[in-house]
Amino acid sequence: MVGHCEQENAITCLIREAREEAGLHIERQDVELVHVVHHIDKAGDWPRMGLFFHARTWKRRAGAA
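Description of the structure in this document. Starting afresh in each chain, residues are numbered from 1 along the sequence in its written order. Residues qualify for local features only when their pLDDT is at least 70, as the model is predicted, and side-chain atom pairs are given and counted only at 80 or more; totals for whole chains, interfaces and linings, by contrast, use all residues. To obtain the side-chain values, all non-hydrogen atoms of the structure were used and water was disregarded.

A closer look at the overall build of the chain
Alright, step 1. Counting from the N terminus, the helices are DSSP H or I runs at least four residues long and the strands are E runs at least two residues long. Broken down by element type, the chain carries 1 helix and 4 strands.
Alright, step 2. Moving toward the C terminus, one meets the helices and strands of the chain in the order α-β-β-β-β.
Alright, step 3. Taking 65 residues into account, the globule formula puts the C-alpha radius of gyration at 11 Å, and the chain, at 14 Å, lies well above it.
Alright, step 4. Dimensions along the principal axes, computed over C-alpha positions, put the chain at roughly 45 × 20 × 20 Å.
Alright, step 5. Throughout this description, buried means an accessible area under 20% of the type-specific maximum (1.4 Å probe, protein chains only), exposed means over 50%, and partly exposed covers the range between. The burial tally for the chain puts 20% of its 65 residues in the buried class.
Alright, step 6. As displayed, the chain offers around 5,200 Å² of accessible surface, 54% of which is attributable to carbon and sulfur atoms.
Alright, step 7. Just so you know, the count uses Lys and Arg for positive and Asp and Glu for negative, and it drops His and the chain ends. For the purpose of locating charges, the reference atoms are NZ of Lys, CZ of Arg, CG of Asp and CD of Glu. When the 9 positive and 10 negative side-chain charges of the chain are each reduced to one mean point, those points stand 4 Å apart. Note on method: radius of gyration uses C-alpha positions; expected globular size equals 2.2 Å times residues raised to 0.38. Note that accessible areas follow from Shrake-Rupley with a 1.4 Å probe, and for residues the cover is restricted to the protein chains shown.

Have a look at this one:
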């Protein structure tokens with residue numbers, strides 16, 4: 001999954017995006033940061049950071065596809 005933070009910290013963003021996009025319920029204590037990528041697509045672009053997380057466990061919401 002990919003998401004963009006909306007004035008929130010990265011883990012809160014992950015939990016929200018997982019719920020909205022995949023119907024998953026993830027608890028904060030089950031999330032671990034596993035990789036960071038700093039990249040610039042082309043000269044003159046703003047640099048960006050990609051944060052990659054591992055959720056040790058999650059639950060699918062009832063009725064989620």
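There's more to say after this.
Quick word on a nonpolar patch on the surface
Alright, step 1. Nonpolar side chains (Val, Leu, Ile, Met, Phe, Trp, Tyr) are joined into patches within 5 Å and like charges within 9 Å, using only residues with over 30% relative accessible area and no salt bridge. A side-chain nitrogen of Lys or Arg and a carboxyl oxygen of Asp or Glu constitute a salt bridge if their distance falls within 4 Å. A cluster of nonpolar residues, Leu33, Val36, Met49 and Leu51, forms a patch on the protein surface that exposes about 360 Å² of accessible area.
Alright, step 2. When contributions to the nonpolar patch are tallied by element, the ones reaching two or more residues are strand S2 (31-39) and strand S3 (48-55).
Alright, step 3. Note that Met49 resides in strand S3.

Topic: the nonpolar core
The nonpolar side chains of soluble globular proteins are, as a tendency, buried together.
Alright, step 1. Residues belong to one nonpolar core when they are buried, are Ala, Val, Leu, Ile, Met, Phe, Trp, Tyr or Cys, and are joined through side-chain atoms within 4.5 Å. Counting 7 residues, the largest nonpolar core consists of Leu14, Ile15, Ala18, Leu24, Ile26, Val31 and Ala55.
Alright, step 2. The biggest single contributor to this core is helix H1 (residues 10-22), with 3 residues.
Alright, step 3. It only takes one pair of heavy atoms within 4.5 Å for two residues to be counted as in contact. Ignoring any residue separated from it by four or fewer positions in sequence, one finds Leu14 in contact with Val31 and Phe53.

Some words on the side chain of Glu17
Alright, step 1. Looking at the element boundaries, Glu17 is found in helix H1.
Alright, step 2. In this structure Glu17 touches Met1, Val2, Gly3, His4 and Ala22, once residues within four positions along its chain are discounted.

Describing the state of the cysteines
Alright, step 1. For the purposes of this analysis, a disulfide is any pair of cysteine sulfur atoms at a distance within 2.5 Å. Counted under the stated rule, the structure contains 0 disulfides.
Alright, step 2. Here Cys5 stays free of any disulfide, with the sulfur of Cys13 as its closest cysteine sulfur at 3.3 Å.
Alright, step 3. You can call Cys5 partly exposed: its relative accessible area is 46%.

Some thoughts on unusual backbone geometry
Alright, step 1. Backbone geometry places Gln7, a non-glycine residue, at a positive phi of 55 degrees.
Alright, step 2. Structurally, Gln7 is set in the segment before H1.

Re the environment of Met49
Alright, step 1. In the structure, Met49 is positioned 11 residues away from Arg60 in sequence and 28 Å away in space, judged by C-alpha atoms.
Alright, step 2. Setting aside its immediate chain neighbours within four residues, Met49 contacts Val36, Val37 and His38.

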